[in-house]
Amino acid sequence: MSNTRHNWTKEEILDIYNKPFMELLYEAATVHRKYHDPNTVQVSTLLSIKTGGCPEDCGYCPQAARYHTDVEGNDLMSVQQVKAQALRAKASGSSRVCMGAAWRNVKDGQEFDDVLEMVRTINKLDMEVCCTLGMLTENQAHRLAEAGLYAYNHNLDSSEEYYKEVISTRGFEDRLQTIDNVRKTNVTVCSGGIIGMGEKTEDRVGMLVALATLNPQPESVPINALVAVDGTPLEDQEPVSIWDMVRMVATTRIVMPETQVRLSAGRTQMSREGQAMCFFAGANSIFAGDKLLTTPNPDVNEDMEMFKMLGLNPQKPFIKKMQPNTVEAEDSKFQALGEKPKWSRPEHKIERNEEAKEKAKTLR
Ligand code: SF4
């Protein structure tokens, strides 16, 4: 039986986060060695299957239609295009393909049917398949599970309090509801957040409380360092220091010992020494590929060189959990219901989001 605790308090996690650096690092590395092979790192490839034009107002995101950024939108990729990219990712050492679509929520229809076909196709390549498609109903989660989905990503982004300072078009409770819907299937949960958005330490810790008190905890927790993109409301944020990044990774490792802690956006700003410290502190997953949806990421060859230097090995697929079966569309037990769920729209005003929106109007 698992010894993982689900009753962490904010004070306890804050005490861990604020420990003397070396002590924190040592404790995290000790926990890491108890639960994981410290020389194995899971490698995922993130694929933007539908880019830009998103109706949401996430302050960090260059894909939000209301801000003026360099992102060029595109329609949903074809199944064949996705298959070709997945094969390339597999050849370069990735065990997982994560498909991201800039949608507020999943809508039943041809596009979702196409995504289900993409899931079937990649699962049949014997790779783990993850999707990040926005809010999701329970029936849609079941349809993805039947197609062979391994993981669903839905980040909490920050603490519940600070979330309101970053996003006004959807509520924190909807994030939790989607995670709960995924939990009604055998699909694993990937959920984490972003640091460097102007939040306080208490908000970073608040997010970890929200994740660590889920039962079960997410199987994967991405820790992103904000990539401040021109035109977004957070364009002027200072880069996250490596010390903060390591503290966040180490604290995540200690409070969620079994999870895969994933280094995500912001790796291009980190030296190899910095990344090595993150691996030592318990990070055991990265995103590979030169783009993370729309922001830059280290080149695959550079990552493989780093792995060689550090003696790290890419994790094989389906080590943590068995490969799901794929049910073909015609044999599916779960059909499209055409649901119209009432996801929240808080629509409170976030000054910097409003300013970025107004500025975008003058630039178009
Ligand atoms: S983070 Fe996702 S939901 Fe938010 S604006 Fe970007 S694509 Fe849309």
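Since this is a predicted model, take the numbers as computed values, not measurements.

J.: Describe in detail the overall build of the protein, supporting the description with residues and values.
T.: Of regular secondary structure, the protein possesses 12 helices and 12 strands. Here the C-alpha radius of gyration of the protein, 19 Å, is about what a compact globule of 364 residues would show, namely 21 Å. Counting only C-alpha atoms and orienting by the principal axes, one finds that the protein spans roughly 55 × 50 × 40 Å. With 364 residues in all, the protein has 57% of them scored as buried. Restricting the contact set of the protein to residue pairs at least 6 apart, pairs at least 24 apart contribute 80%. Counting every atom, the protein has about 15800 Å² of accessible surface; 50% of that belongs to carbon and sulfur.

J.: Give a detailed account of the site of the ligand, specifying residues and quantitative values.
T.: Taken together, Cys54, Glu56, Cys58, Tyr60, Cys61, Ala64, Ala102 and Arg170 make up the full set of residues adjacent to the ligand. A breakdown of the residues in the shell around the ligand according to their chemical character gives six nonpolar, no polar and two charged.

J.: Account for the pairing of strand β3 (residues 128–132), with residues named and values stated.
T.: Judged by how many residues are buried, β3 sits mostly within the fold: five of five residues are covered. Here β3 shows two buried faces, one formed by Glu128, Cys130 and Thr132 and the other by Val129 and Cys131. Note that strand β2 (residues 96–101) and β3 share five bridges and pair parallel. Across the sheet, Val97 pairs through a bridge with Val129, a residue of β3.

J.: Go over the environment of Glu173, please, and point to the residues and values.
T.: Relative to the helices and strands, Glu173 is located in helix α7 (residues 172–183). For Glu173, a relative accessible area of 46% gives the class partly exposed. Along the primary structure Glu173 and Phe318 are separated by 145 residues, whereas in three dimensions their C-alpha atoms are 31 Å apart.

J.: I'd like a description of the packing of aromatic side chains, backed by residues and values.
T.: How two aromatic rings sit relative to each other is set out by the distance from centre to centre and by the angle between their planes. In total, this model carries four aromatic pairs according to the counting rule given. Ring plane angle 80° and centroid distance 5.2 Å describe the contact between Phe21 and Trp243, whose orientation is recorded as edge-to-face. Of this pair, Phe21 sits in helix α2 (residues 21–35) while Trp243 sits in helix α9 (residues 242–255), and the two are 222 residues apart along the sequence. Geometrically, the ring pair formed by Tyr150 and Phe318 is edge-to-face, given 5.6 Å between the ring centres and 65° between the ring planes. Pair noted here: Tyr150 is in the loop between α5 (138–147) and β4 (151–153) and Phe318 is in the loop between β12 (313–314) and α12 (351–363), with a separation of 168 residues, a long-range link. Each member of the pair, Tyr150 together with Phe318, is buried. Arg262 extends its terminal NZ or CZ atom over the ring of Phe287, reaching a point 5.2 Å from the ring centre.

J.: Can you break down the pairing of strand β1 (residues 40–50) residue by residue, with the values?
T.: Counting buried positions along β1 gives 11 out of 11 residues, so the element sits mostly inside the fold. Direction of pairing for β1 relative to β12: parallel, over a ladder of two bridges. In the strand pairing of β12, Val41 is matched with Pro314. Looking at chain direction, β1 and strand β9 (residues 283–288) are connected through four bridges and run parallel. Directly across from Val43, in β9, lies its bridge partner Ile286. Direction of pairing for β1 relative to β2: parallel, over a ladder of six bridges. Pairing of Thr45 across the sheet is with Val97, part of β2. One crossover worth recording links β1 to the parallel β2 by way of helix α3 (residues 79–91), and it is right-handed.

J.: Talk me through the side chain of Ser344; I want residue IDs and the actual numbers.
T.: Positionally, Ser344 belongs in the loop between β12 and α12. With near-sequence residues (within four places) excluded, Ser344 lies in contact with Arg104, Thr169, Arg170, Gly171, Glu173 and Asp174.

J.: Hey, could you go over the pattern of salt bridges for me, with residue numbers and the actual values?
T.: Here the structure, examined in full by the defined rule, presents 19 salt bridges. For Glu128, the salt bridge identified is with Arg96, shortest N-O distance 3.0 Å. Taken together, the residues Glu128 in strand β3 and Arg96 in strand β2 connect sequence positions 32 residues apart. The residue Arg143 makes a salt bridge to Asp108 at a minimum N-O spacing of 3.7 Å. Here the residue Arg143 occupies a position in helix α5, and Asp108 occupies one in the loop between β2 and α4 (110–124), the gap between them amounting to 35 residues.

J.: Explain the packing of α4 against α5 residue by residue, including any values.
T.: Relative to each other, α4 and α5 sit at 30°, their axes nearing to 8 Å. The pairing of α4 with α5 is recorded here as roughly parallel in orientation. Every residue of α5 that contacts α4 at Phe112, Asp113, Leu116, Val119, Arg120 and Asn123 is listed here: Gln140, Arg143, Leu144 and Ala147. Looking at the contact of α4 with α5 residue by residue, the class counts come to five nonpolar, two polar and three charged.

J.: Provide a residue-level description of the nonpolar core, including the pertinent values.
T.: Counting 91 residues, the largest nonpolar core has Ile49, Tyr60, Met99, Leu133, Leu144 and Tyr152 as its most contacted members. The contact partners of Tyr60, leaving out residues within four places of it in the chain, are Asp157, Val166, Ile167, Arg170, Ile194, Met197, Leu226, Thr232 and Leu234. Formed by seven residues, the second largest nonpolar core is a distinct cluster that contains Cys130, Tyr150, Ala151 and Phe318.

J.: Can you lay out helix α10 (residues 272–280) for me, pointing to particular residues and giving the numbers?
T.: Considered for burial, the residues of α10 that qualify are Gly274, Gln275, Cys278 and Phe279. Each buried residue of α10 lies within a common arc of 145° when the element is viewed along its axis, so the set occupies one face. Elements in contact with the buried residues of α10: α2, β1, α9, β8 (260–263), β9 and α11 (300–310). For α10, the N-terminal capping position is held by Ser271, with its side-chain oxygen 3.4 Å away from the main-chain nitrogen of Glu273. Where α10 ends, the next residue or the one after it, Gly282, has phi of about 120°, a positive value.

Calculation notes
- Residues numbered from 1 in each chain as written.
- Predicted model: local features only at pLDDT ≥ 70, side-chain atom pairs only at ≥ 80, totals over all residues.
- Heavy atoms only, no water.
- Helix = DSSP H or I, 4+ residues; strand = E, 2+ residues; numbered from the N terminus.
- Rg over C-alpha atoms; globule rule 2.2 N^0.38 Å.
- Buried < 20%, exposed > 50% of the residue type's maximum accessible area, 1.4 Å probe, protein only.
- Contact = heavy atoms within 4.5 Å.
- Areas by Shrake-Rupley, 256 points an atom, 1.4 Å probe, with all protein chains shown as cover.
- Near = heavy atom within 4 Å.
- Nonpolar A, V, L, I, M, F, W, Y, C, P; charged D, E, K, R; others polar.
- Pairing = 2+ DSSP bridges.
- Phe/Tyr/Trp six-rings, centres within 6.5 Å; stacked < 30°, edge-to-face > 60°.
- Lys NZ or Arg CZ within 6 Å of the ring centre and 35° of its normal.
- Right-handed = clockwise from strand over helix to strand, strands pointing away.
- Salt bridge = Lys/Arg side-chain N within 4 Å of Asp/Glu carboxyl O.
- Axes fitted to C-alpha atoms, helices over the stretch in contact; angles between N-to-C directions.
- Parallel < 35°, antiparallel > 145°, perpendicular 65-115°, else oblique.
- Core = buried A, V, L, I, M, F, W, Y, C linked by side-chain atoms within 4.5 Å.
- Arc of directions from axis to C-beta.
- Polar contact = N/O pair within 3.5 Å; in protein donor to acceptor, adjacent residues only side chain to side chain.

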